[in-house]
2 protein chains.
Amino acid sequence: MKRFALLSALALALAARADEGMWTFDNFPSKKVQQKYGFAPDAAWLQAAQLSSVRLAGGCSGSFVSPDGLVMTNHHCAHSCIEQLSTKDKDFVAEGFYAPLAENEVKCPEIELNQLVQITDITAQIQGATKGLKPGKEFNDKRKAAMASVEKDCAAGNDKLRCDVVELYHGGQYSLYRYKRFQDVRLVFAPELAIAFFGGDPDNFNFPRYDLDVSFIRAYEDGKPARTEHYFKFSPDGAKEGDLTFVSGQPGGTDRELTMAELQYQRDVALPERLFDLAQYRGALTMYTRQSAEHHRTAEPTLFGVENSFKALKGRFEALVAPALWNQKAQRERTLREKVNARSSLKKKYGGAWDEVAKAMADFQPRRKEYRFIEQGTGFNSPLYRIARDLVRGTEELRKANGERLREYTDAKLPQLKQKLFSKAPIYEEFEAFKLAYGLTRLRENLGADHPFVKKVLGKKSPEELAQELAQTKLYDVKMREQLWQAGREAVLASSDPMIQLAKLVDPDARAIRKWHDEEIETLEISGAEKIAAAKFELEGKSNYPDATFTLRLSYGAVKGYDENGRHVSPITTFAGAFERATGRDPFKLPESWLRASENHQVNTATPLNMCTTNDIIGGNSGSPVFDKDRQIVGLVFDGNIQSLGGDYGFDETVNRTVAVHSAALIEALDHIYGAKRIVSELKAAPGTAASAGAK
Amino acid sequence: MKRFALLSALALALAARADEGMWTFDNFPSKKVQQKYGFAPDAAWLQAAQLSSVRLAGGCSGSFVSPDGLVMTNHHCAHSCIEQLSTKDKDFVAEGFYAPLAENEVKCPEIELNQLVQITDITAQIQGATKGLKPGKEFNDKRKAAMASVEKDCAAGNDKLRCDVVELYHGGQYSLYRYKRFQDVRLVFAPELAIAFFGGDPDNFNFPRYDLDVSFIRAYEDGKPARTEHYFKFSPDGAKEGDLTFVSGQPGGTDRELTMAELQYQRDVALPERLFDLAQYRGALTMYTRQSAEHHRTAEPTLFGVENSFKALKGRFEALVAPALWNQKAQRERTLREKVNARSSLKKKYGGAWDEVAKAMADFQPRRKEYRFIEQGTGFNSPLYRIARDLVRGTEELRKANGERLREYTDAKLPQLKQKLFSKAPIYEEFEAFKLAYGLTRLRENLGADHPFVKKVLGKKSPEELAQELAQTKLYDVKMREQLWQAGREAVLASSDPMIQLAKLVDPDARAIRKWHDEEIETLEISGAEKIAAAKFELEGKSNYPDATFTLRLSYGAVKGYDENGRHVSPITTFAGAFERATGRDPFKLPESWLRASENHQVNTATPLNMCTTNDIIGGNSGSPVFDKDRQIVGLVFDGNIQSLGGDYGFDETVNRTVAVHSAALIEALDHIYGAKRIVSELKAAPGTAASAGAK
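The rules behind the values
Residues numbered from 1 in each chain as written. Chains lettered and ligands numbered in written order. Predicted model: local features only at pLDDT ≥ 70, side-chain atom pairs only at ≥ 80, totals over all residues. Heavy atoms only, no water. Core = buried A, V, L, I, M, F, W, Y, C linked by side-chain atoms within 4.5 Å. Buried < 20%, exposed > 50% of the residue type's maximum accessible area, 1.4 Å probe, protein only. Helix = DSSP H or I, 4+ residues; strand = E, 2+ residues; numbered from the N terminus. Contact = heavy atoms within 4.5 Å. Least-squares fit on C-alpha atoms with pLDDT ≥ 70 in both. Buried area = accessible area lost by both parts, 1.4 Å probe. Salt bridge = Lys/Arg side-chain N within 4 Å of Asp/Glu carboxyl O. Disulfide = S-S within 2.5 Å. Axes fitted to C-alpha atoms, helices over the stretch in contact; angles between N-to-C directions. Left-handed = near helix turned anticlockwise from the far one by under 90°. Nonpolar A, V, L, I, M, F, W, Y, C, P; charged D, E, K, R; others polar.

Requested: an account of the nonpolar core, with residues and values cited.
Counting 66 residues, the largest nonpolar core has Leu212(B), Phe216(B), Phe246(B) and Trp594(B) as the members making the most contacts within it. A total of 5 residues in this core trace back to one element, the largest contributor, which is helix 26 (residues 663–672) of chain B.

Below, the structure written as structure tokens:
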């Protein structure tokens, strides 16, 4: 027993010293940081960092970097916008974009920014709504209604506010996150894709790295640059090896607290199936993008997303099949269950929780494909379908009371829904026909040619034939979408548009399986997870951070290399490295601007380009600022190394690394390669203001 | 204990009654068949069946069905040949092929047939060669030499004989299989792909089914149809539900006896990785085949193979992640190890065997990708590369003594090697460039852009660029291959052909990793597996069948339906079902010939078309005859149902089914749809002769 205790204490000590955690701003472990790095962020510091951070609602992070609403994020976070603003004749993805004057900044059709202004604990309110209820319909109805009500009251009909109920610790805690919302967001600067994503898929998730994965966008209010009191100033020197670094941003999701039943479902079913899908789609898309320059231009952002997801999920899969992690997690669950079962009060309240979650997994498995292909729309792989469905479903849902609607159609969700629904982003008929044929083929393959739903959708048509018909929809026309939405349910139902017809045909089946999922599966999982979280709180207090949920988190760490295959990987690369690595062939082809700058000796090739740090991040953190204890920008997160992919399940400080553009590289390139003087001045003008803003 | 014993007895009783097993002809359980079906094949019956069966060396099964060398197999087994004989202007895959006269039969460039004439147990000889040796170089050298020597002595320089050392029970037994070899094989009949593979990939591995997956080819000797004394006659009536059925053929491989360490490697590493690869390749190939009619014609057999493998391996993966099977296997291994460890004599000899196998798996894993991509050629995805490599490696190996060569270049292997190397099958430059670019991209992705081998191969070139250069090789020209092979090592080394240059560049690395694999990994695995097999023999005798090894096996069963999703699936379909299922759209589009025959009421649509039986088969059994106790053909195996895919790891008689074309369908279609009177006469003329042949 003594040896065990000693080991435990040691393990705890080690754990306490690791730079682990994606901490909420209202529960940041300043003491831990103090112990390890000699600096403890205080409340004012934390608030300033929070207000200087920003979320891209579509799935990224960013930061305010000037008092005039200038936002720094990744190129790949604005990639869709850059592509949407491009045309056959002007390809900003390939050529880059720079607005030398304020009036040259162009509106991105689909970017929404969220600045987190307030966090409120509403656990009692949400958990109270389902108190004493068994998993099932009433549980789901009451919970949904409670969340919708809180969100609606908070936003109070003001579209400039966004209020989200955030489920933390898998239901152990509920918080209300109130954001300031910006929907007028304009593109300011983006380099060429060739340097933003130098090394392409082969180098993605790798380090050493040589990418300038940056873009600048700007938040507007009432047609003018937004006044942003809180923002990060740029560090004059940037970071060097060993420096303490903070990263704020929105990690999209982690699965560190899942039960073994959930992990087993991920390892054996969900991840492999998604990977098979992604791999095949990747193969098809790659060929599609090569068929013509126009195919390349219109489909390439989708391909990037698919390749990125494939690599990320493959890393997760590989982490789960590694016996060490698996056994460690199994052991941890066993220990927790033993502790719960050892106390009769705990056992009574929480003992059955793991079996509830396991039952949810087991019950879901046989119908998982129907849920994915029919309700989640995997079989109808096109924004046109999603538009048609929002028209069909949305106009029906809007006739219900707010609390009774499907979550995505509640009043609080409408501004984001409408931005997407009425987006002017171009949709390309040929690409849509391709994607639809692909999705319909996969639908038939996954549910089987004899599945009643498949027969209902395809009839005697081939997937290609139906896809061609569907691609004739008139929903490319934003005005038509607006008219139908305004006209409401009856007008939508009367439409003879082929895509709306399809959405109408699909909806009853989709709703049926959604209802089953939400009431029978989801409530069971939540019910179990809430209990497990509560058991942990009772036994361990709130000493831990919750799994990531695409909400604002803060992580701490340091610029630090690591060992790989017996070699030490140094944490900082330089411009010189990029020139050495270049082959002149895509994806290792540097853009003309870089080659010219090098020839003309405009660029200092000793300037740091990328760096890696021990911050604990994951997908969704793309675009996050890396800043020092003075809240000065020292980098821009754009990736994690390959070892970080297992970070979905646990953090291993020895090898898990955040990969960022060094702040010096940003200034060097803007100034000496792109001549983007206006941005450089804006970034450099900031210090004084920022310091005073931070003091508030 | 009593309850456990009772359960075991019950399980054994059930196992004994299941139609499980791919039995070697020298250890067929006639008594079991007698007990269940009231018929016991005797030695003469077995020998006649053996000699009437035939192997397609490329990976299929078949049977002699006339005294003039006529062989029945699947369309998909001759698919490559049919494509190779086609041209831009005449597509036999789409249109079908029929030689109305003997002189219209056309030679297949790459089909080799093997008729098994003798089985000899040589266990003592092979195991004796490594007796007392530790796994490693000497073990590998001695074993390889022993096998090469036995094979060479057996064939005695006669190319019409083929002798293979067959490793059974994973090294527990070695047999020498002596075959009569036919390399002049000609195409006689093939229907249109649209009916051979009706339902395409969506219906593949499904039942009920409606395919006429047949082709007839003919073995020739000295330019004339071979005289084949032993052959199967056609049943006048075919089989009906409940009838006893036999299947002889070459199941390609099963993994029923693998250790848990091997299974875990398959489940967690090997199968997922191959599936990711296949899925992506499938996506790319599908797009490639759609780019033009010529792309479709030249790439479609490859796509079929990829889709088929993907579905088969996915079924295997799904079987391995099912907890019931996994736990059962783990339990079985535990029990066996306990039994071994319980007796000190056994423990001493065999106790460490499982750890040896586990170590082989663990050691292999970190270098698995190098082995696959460098040595197994996954990075050089083209027959042109394989030709270049055979020239580079083969001419070097031939200078060594027979016993010292790599196994695939021993004297006994040369006839098959040369058939492939000097094949006149067309190779299409555009398709090769596509495949090479694909393979090289995957090579870079899997080993990493910074791997020294990748840098050595690609230099600063992109995969596409190098692929284009390589596709300029002159190795399309068969004469040039022959000349280089004749001229030998120095001439090959002096060649400036780009593909030969590549093969030369790759060979040192490939040989190094091959040597490591063969000496360090393979010998460890064999050493362990031999001991496990020996332990089983000591404890259980030879009461079981060995895992499949693409050698002749016999299975027994019956025509029988099964239950699926609560419905009973009837075991026989009819022509009417095919007409009902047709949508007029590929892959559910019936060929013109069928539509015409139906319109003209030439075809009796009540005729049975496909059937399913409880025979235990697996991939490689394609083309196997299904025959009754009188050794009359009642069907032609072409598939298994989806539940049969788990058969790689174990047989579940409740749902595992062989899928076959009913014999009545073959006659009906040949006679009334294709007017292939010459074949019908040949098949029907046979009864008397066959009966007398069988009596020998």
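Provide a residue-level description of the environment of Ala299(A), including the pertinent values.
Residues and elements named next belong to chain A. Locating Ala299 in the fold gives a position in helix 11 (residues 293–320). A sequence separation of 132 residues divides Ala299 from Phe431, and the C-alpha atoms of the two residues are 7.1 Å apart. In contact with Ala299, other than residues within four places in its own chain, are Leu285, Tyr288, Thr289 and Phe431.

Account for the relation of the copies chain B and chain A, with residues named and values stated.
With an axial shift of 0.0 Å and an RMSD of 0.0 Å, the rotation relating chain B to chain A amounts to 180°. Within this description, the copies of the chain are treated as partners about a two-fold rotation axis. When the interface residues of chain B are mapped onto chain A, 100% of them again fall at the interface, so both copies present the same face.

If you had to explain the interface of chain B and chain A to someone new, which residues and values would you point to?
Residue-level contacts link 44 residues of chain B with 44 residues of chain A. Together, the buried faces of chain B and chain A total about 3,500 Å²; carbon and sulfur atoms form 54% of this surface. On the chain B side of the interface with chain A, the three residues burying the most area are Phe276(B), Met287(B) and Lys460(B), jointly 20% of the side's total. Connecting chain B to chain A are 8 salt bridges. The salt bridge partner of Arg581(B) is Asp450(A), with a shortest N-O separation of 2.7 Å.

Hey, could you go over the state of the cysteines for me, with residue numbers and the actual values?
Formally, a disulfide is one covalent bond, and it connects the sulfur atom of one cysteine to the sulfur atom of another. Residues and elements named next belong to chain B. In this structure the tally under the stated criterion is 6 disulfides over all chains. Residue pairing for Cys60: its cysteine sulfur links by disulfide to Cys77, the two sulfurs lying 2.1 Å apart. Measuring handedness by torsion sign, the sulfur bridge of Cys60 and Cys77 sits at about -80° and is left-handed. Here Cys77 lies in helix 4 (residues 75–85) and Cys60 lies in strand 3 (residues 60–64), a separation of 17 residues in the sequence. Between the sulfur atoms of Cys81 and its disulfide partner Cys108 the distance amounts to 2.0 Å. On the S-S bond that ties Cys81 to Cys108, the torsion sits near -75°, and the link is left-handed. Of this pair, Cys81 sits in helix 4 while Cys108 sits in the loop between strand 6 (106–107) and strand 7 (113–121), placing them 27 residues apart in sequence. For the pair Cys81 and Cys108, a shared accessibility class is recorded, and that class is buried. When the bonded cysteines of chain A are numbered from the N-terminus onward, they pair as 1-2, 3-4, 5-6. With no disulfide of its own, Cys612 lies 20 Å from the sulfur of Cys77, the closest cysteine sulfur.

Could you give an account of the packing of helix 10 (residues 260–289) of chain A against helix 15 (residues 368–375) of chain A, naming the residues involved and the relevant values?
Residues and elements named next belong to chain A. With their axes 12 Å apart at the nearest point, helix 10 and helix 15 run at an angle of 40° to one another. The way helix 10 lies across helix 15 gives a crossing that is right-handed. The residues of helix 15 that touch helix 10, namely those facing Tyr265, Val269, Glu273 and Asp277, are Arg368, Lys369, Arg372 and Phe373. When the residues that make up the contact of helix 10 with helix 15 are grouped by side-chain class, the tally is 3 nonpolar, no polar and 5 charged.

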